[in-house]
Amino acid sequence: MREIQFAGFGGQGIVLASYILGYAITVNEKRNSSMTQSYGPEARGGASASGVVISENPDELVDYPKVTNPDVLVCMSQEAYTTYIGKIKKDGILIYDEDLIEIKEKRKDIKIYPVPATRLAEKEVGNKLTANVIMLGAVCEITKVVSPEALKKAIAETVKKDYVDINLKAFEVGIEYAKKLKEEKI
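Residues numbered from 1 in each chain as written. Predicted model: local features only at pLDDT ≥ 70, side-chain atom pairs only at ≥ 80, totals over all residues. Heavy atoms only, no water.

A. Expanded view of the side chain of Thr130. Here Thr130 is to be found in the loop between α3 (117-125) and α4 (131-143). Given the relative accessible area of 2%, Thr130 is considered buried. (Helix = DSSP H or I, 4+ residues; strand = E, 2+ residues; numbered from the N terminus. Buried < 20%, exposed > 50% of the residue type's maximum accessible area, 1.4 Å probe, protein only.)

Okay, here's the thing in structure tokens:
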């Protein structure tokens, strides 16, 4: 099993990012996954988290639907970082929006990838609401937990038609940025 936790605040598309990931894995790659979500009472601005538990092969069932110790944590707010950083498994991965989160002490037992998703969404895509999909692109490239083709198809099948093209562009921006990050770590 692989566990991926997305966390941030309401209005950033945290739940949508998890939904697209789970959809890509279950519908397009024919593996089992489970998605859960939690958020504060506020419609926007409150805490938001969503997790996906993923089977590694088509015959493996998801035995517990909630993320307990993520292999991958995707953070898009300081509060989310503070809440979930201690839960990442040893040798896990943190992908975070470096413009929204300040890390004072870095964990040495995990891999850390800073992605300026909100800035990239504004400058490269022209819409800051696509930062969540930029993070999905980064998750895809860094973890290889799902194929880019499955995620592109999931975006096209789950996002409102008027926003498919801009989200596909954001996905590519995330992949390309993550490729550069991986090259720097070599």
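B. The nonpolar core, seen in detail. In this structure, Phe6, Leu21, Ile95, Val115, Ile134 and Leu151 are the most contacted members of the largest nonpolar core, which totals 44 residues. Of all hydrophobic cores here, the second largest spans 15 residues; its members include Ala49, Tyr84, Ile88 and Ile110. (Core = buried A, V, L, I, M, F, W, Y, C linked by side-chain atoms within 4.5 Å.)

C. Molecular detail of the pattern of salt bridges. Following the criterion strictly, the structure yields 9 salt bridges and no others. Close ionic contact of Glu29 with Arg31 constitutes a salt bridge, the shortest N to O distance being 2.6 Å. On the basis of relative accessibility, which here comes to 24%, the residue Glu29 falls in the partly exposed class. Taking the relative accessible area as the measure of exposure, Arg31 reaches 9% and is therefore buried. (Salt bridge = Lys/Arg side-chain N within 4 Å of Asp/Glu carboxyl O.)

D. Focus on unusual backbone geometry. Positive phi, close to 60°, is recorded for Lys30, a residue that is not glycine. By the secondary structure assignment, Lys30 is in the loop between α1 (14-28) and β2 (33-39). Phi is positive for Lys144, which is not a glycine, with a value near 60°. Along the chain, the position of Lys144 falls in the loop between α4 and α5 (148-158). Classification of Lys144 by relative accessible area gives exposed; the value is 54%.

Functional significance is not addressed by these values, which are geometric in nature.
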